[in-house]
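# Structural overview
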Amino acid sequence: MLAKRLTEIVAILESEGMVSVSNLAKRCNVTEKTIRLDLNKLAEMNIVNKVHGGAVLANTKSEIYPVASRKQTHVTEKCQIAVAALDLIQDGDTVFLDAGTTVLELARRLDKNVIVITNDALVAAELVDHKNVTLYCTGGQLQRGNGSYIYVGPDAMNSISKYRTRKCFVGCSALNFNYGLMVFSGIEAEIKKEITRNTEEIICLADSSKFDRTAFSSYLSLDKVDICITDGHVTQEQKEAFQTHKVELVVAGTEAQ
């Protein structure tokens, strides 16, 4: 509920500019005290600036990322990242494909003799006709929202814990060089923690628009990531930040030449 309400608050601010605490309380059907606590949390993440009686969006690179309407952005970059990720998968591998649009692009291209485990119903559907792929789906409660269909809950967690994979390919809503890989949902964060806990190599697929952003829940510190595959728009400063965290950076696309 908290993540959903915070997302709703940001959406209101995006469309209306400054909004009062009392207005937000009425529209979110909570008390003004709850809204003030929500705004404090958003302010701590540099997403909003509090003003007298209300709040406005902060004009920083740490703005909330992304809302559902932005899901189809950076399509070219995601495809380039998926192509680069495919090169890291060899016949005989056992891999976990996490939820996310970039991971879905990878699934669309995957036709190697591998075992795939996934908690994403869309990824599973994509791989149904890939005859060379031995497919396992975690099952569990199907969480629907913003065009995503992800298995969560105790059954999904128990299923993930039973598998040991050679590699996992994970996505994120934001990649923050202080807080690591982040998503909006605490439930989703717990699933991702379990995925990364049961693999030998963690590979993050993230287009550069997600860098220096902030979401609600951190699920993995950056120094735990083995490889990050991104697009050619990554800056030199960001490359150096990856080096500091000892993350191998793979830059996909023609701009990486």
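Above this note sits the structure.
Please read all numbers here as calculations on a predicted model, not as lab measurements.

### Digging into the packing of helix 4 (residues 75–86) against helix 5 (residues 101–109)
As a packed pair, helix 4 and helix 5 sit with axes 8 Å apart at the nearest point and diverge in direction by 55°. Judged by the angle between their axes, helix 4 and helix 5 are oblique. By crossing handedness, the relation of helix 4 to helix 5 is classed as right-handed. On the side of helix 4, the interface is formed by Lys-78, Cys-79, Ile-81, Ala-82, Val-83, Ala-85 and Leu-86, while helix 5 contributes Thr-101, Thr-102, Glu-105, Leu-106 and Arg-109. For the contact of helix 4 with helix 5, a count of residues per class yields seven nonpolar, two polar and three charged.

### A look at the pattern of salt bridges
Applying the stated criterion across every chain, the model contains 12 salt bridges. Between Lys-167 and Asp-93 there is a salt bridge; the shortest N-O distance is 2.8 Å. Separated by 74 residues along the polypeptide, Lys-167 in strand 9 (residues 165–170) and Asp-93 in the loop between helix 4 and strand 4 (94–97) bring together distant segments of the chain. Judged by relative accessible area, which is 10%, Asp-93 ranks as buried. Glu-200 is the salt-bridge partner of Arg-166, the closest N and O atoms lying 3.8 Å from each other.

### Description of the packing of aromatic side chains
Taken as a whole and assessed by the stated rule, the structure comprises four aromatic pairs. Ring plane angle 55° and centroid distance 5.7 Å describe the contact between Tyr-136 and Tyr-163, whose orientation is recorded as tilted. Within this pair, whereas Tyr-136 is found in strand 6 (residues 133–137), its partner Tyr-163 is found in the loop between helix 7 (154–162) and strand 9, the two being separated by 27 residues in sequence. With relative accessibility at 36%, the residue Tyr-136 sits in the partly exposed group. Relative to Phe-242, the ring of Phe-211 has its centre 5.3 Å away and its plane inclined at 70°; by these criteria the two rings are edge-to-face. In this pair, Phe-211 is assigned in the loop between strand 12 (199–205) and strand 13 (217–220) and Phe-242 in helix 9 (residues 236–244), connecting sequence segments 31 residues apart. A single burial state applies to Phe-211 and to Phe-242, both of which are buried. Ring-pair connections join several aromatic residues into one group, and the members of that group are Phe-177, Phe-211 and Phe-242.

### A short note on the state of the cysteines
In a disulfide, the sulfur atoms of two cysteines are held together by a covalent bond. The final tally for this structure, using the stated rule, is zero disulfides. Considering cysteine sulfurs only, Cys-204 is the nearest to Cys-79, which forms no disulfide, with 17 Å between them. Cys-204 provides the cysteine sulfur closest to Cys-168, a residue in no disulfide bond, and the two sulfurs are 9.5 Å apart.

### Thoughts on the sheet that holds strand 9
Strand order across the open sheet formed by seven strands is 6-5-4-9-12-14-15, with parallel pairing between neighbours. Each edge of the sheet is formed by a strand with only one pairing partner; in this case those strands are strand 6 and strand 15 (248–251). Adjacent strand axes in the sheet meet at a mean angle of 20°, parallel and antiparallel pairs treated alike. Bridging between strand 4 and strand 5 (residues 114–118) involves four bridges; their strand directions are parallel. For Val-95, the partnering residue across the bridge sits in strand 5 and is Val-116.

What counts, and where the lines are drawn
One numbering rule holds for all chains: residues counted from 1, following each sequence as written. In view of the model being predicted, local features appear only for residues whose pLDDT reaches at least 70, and side-chain atom pairs are presented and counted only at 80 or more, with totals across whole chains, interfaces and linings using the full set of residues. For the side-chain quantities, the full set of heavy atoms in the structure was used; hydrogens and water were omitted. Here an angle of 0 to 180 degrees is reported between the N-to-C directions of two axes, which are lines fitted to C-alpha atoms, with helices fitted over the stretch in contact. A run of H or I in DSSP becomes a helix once it reaches four residues, and a run of E becomes a strand once it reaches two; helices and strands are each numbered from the N terminus. Oblique is the label for every angle not falling under 35 degrees (roughly parallel), over 145 degrees (roughly antiparallel), or within 65 to 115 degrees (roughly perpendicular). The handedness criterion is simple: a crossing whose near helix is rotated anticlockwise from the far helix by less than a right angle is left-handed, and one whose near helix is rotated clockwise is right-handed. Whether two residues are in contact is decided by their heavy atoms, any of which lying within 4.5 Å being enough. Each residue is assigned to one class: nonpolar for Ala, Val, Leu, Ile, Met, Phe, Trp, Tyr, Cys and Pro, charged for Asp, Glu, Lys and Arg, and polar for all the others, Gly among them. Each reported salt bridge corresponds to a side-chain nitrogen of Lys or Arg within 4 Å of a carboxyl oxygen of Asp or Glu. The cut-offs for exposure are 20% and 50% of the maximum accessible area for each residue type, with area from a 1.4 Å probe on protein chains only; residues under the lower value are buried, those over the upper are exposed, and the others partly exposed. When the centres of two rings from Phe, Tyr and Trp lie within 6.5 Å, Trp using its six-membered ring, the rings pair. Their planes under 30 degrees apart give stacked, over 60 give edge-to-face, and anything left gives tilted. The term disulfide is used for any two cysteine sulfur atoms that are within 2.5 Å. The criterion for strand pairing is that DSSP finds at least two bridges linking the strands in question.

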